[in-house]
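Here is how the chains run, residue by residue.
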Amino acid sequence: MIDIQFFNKNTLNLPGLKLVKLEDYKDISHNYPDEELGILFEPNSTDFGILKKYNSKIIIGTSKNEKIIRKLVEHKNIYGIVDIESDKGPDHTHYRRSNMNQVIAKLMKENNKVYFINFNSILKARNKSKLIGRIRQNVILCNKYNTKIKVHNFSKNISDFRKDLSPVYKIFKIKNQ
């Protein structure tokens, strides 16, 4: 399994795919041609026309807005989504505000998208219990609709890197890897 980290000088020695923000991609890909680079796409609106240039690259989308998350899931160039849940804001009385619902889970299955769990965000979260609960709710929905789920480091430096994340699959009861 290839791991995913954010690109910076601290993660150059780590194995796997390095994620770069869309606006920094040209400079970094020119300066580091041997690195395997992916794109972290964080849209502010639902205009995804800029992605046409990057057909052959792995693009992972992220957002906290449900409408933008749905557009990310429906877009053909997006490989998966990450960090859609946040540890901020109160939960509703009867459900958690995890930014995923059954419609998004079904669309992810139909469009063959992957739900990524950012292990580094769990390590760095202020309110870990709330974030873990929201991730767990998303995992339950993804398991119900047979959506692929993957756990990756998404580390920004070597000290955050973890080699073996297989226990996380057991803790969250992830079925579809």
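Look above for the structure.
Attention here is on the structure that accompanies the text.

### Points about the packing of aromatic side chains
Here comes step 1: By the definition in use, this model includes 6 aromatic pairs.
Here comes step 2: Between F6 and F154, the aromatic rings sit 5.9 Å apart at their centres with planes inclined by 45°, giving tilted as the arrangement. Residue F6 is found in strand β1 (residues 4-6), and its partner F154 is found in the loop between β7 (148-152) and α6 (166-171); the two are separated by 148 residues along the sequence. Comparing F6 with F154, the two get one shared label, buried.
Here comes step 3: Consider the rings of F7 and Y32, whose centres lie 5.1 Å apart with planes at 65°: the pair is edge-to-face. Pair noted here: F7 is in the loop between β1 and β2 (17-21) and Y32 is in the loop between α1 (25-31) and β3 (37-41), with a separation of 25 residues, a long-range link.
Here comes step 4: The exposure class assigned to F7 is buried, which follows from its relative accessible area of 16%.
Here comes step 5: These aromatic residues form a ring-pair network of at least three members: F6, Y79, F116 and F154.

### Describing the packing of helix α2 (residues 66-74) against helix α3 (residues 102-110)
Here comes step 1: The contact between α2 and α3 brings their axes to 9 Å, and the two run at 15°. Relative to α3, the element α2 lies roughly parallel. As α2 runs across α3, the sense of the crossing is left-handed. Counted together, E66, I69, R70, V73 and E74 of α2 and V103, I104, L107 and M108 of α3 form the full contact between these two elements.

### A word on the pairing of strand β5 (residues 78-82)
Here comes step 1: Across the 5 residues that make up β5, a large majority, 4, are buried.
Here comes step 2: In the classification by handedness, the crossover that spans strand β4 (residues 59-61), the intervening α2 and the parallel β5 is right-handed.
Here comes step 3: Two elements, β5 and strand β6 (residues 114-118), share 3 bridges in a ladder whose sense is parallel. From the neighbouring strand, G80 faces β6, where its bridge partner is V114.

### Section: α3
Here comes step 1: When we look at burial in α3, the residues that qualify are I104, A105, L107 and M108. In an axial view of α3, the angular spread of the buried residues amounts to 165°, which keeps them on one side of the axis.
Here comes step 2: Looking at the buried side of α3, the elements it contacts are α2, β5, β6 and α5 (128-144).
Here comes step 3: Count one or two residues on from α3 and you reach N112, which has phi positive near 60°.

Rules used in this analysis
- Residues numbered from 1 in each chain as written.
- Predicted model: local features only at pLDDT ≥ 70, side-chain atom pairs only at ≥ 80, totals over all residues.
- Heavy atoms only, no water.
- Phe/Tyr/Trp six-rings, centres within 6.5 Å; stacked < 30°, edge-to-face > 60°.
- Helix = DSSP H or I, 4+ residues; strand = E, 2+ residues; numbered from the N terminus.
- Buried < 20%, exposed > 50% of the residue type's maximum accessible area, 1.4 Å probe, protein only.
- Axes fitted to C-alpha atoms, helices over the stretch in contact; angles between N-to-C directions.
- Parallel < 35°, antiparallel > 145°, perpendicular 65-115°, else oblique.
- Left-handed = near helix turned anticlockwise from the far one by under 90°.
- Contact = heavy atoms within 4.5 Å.
- Right-handed = clockwise from strand over helix to strand, strands pointing away.
- Pairing = 2+ DSSP bridges.
- Arc of directions from axis to C-beta.

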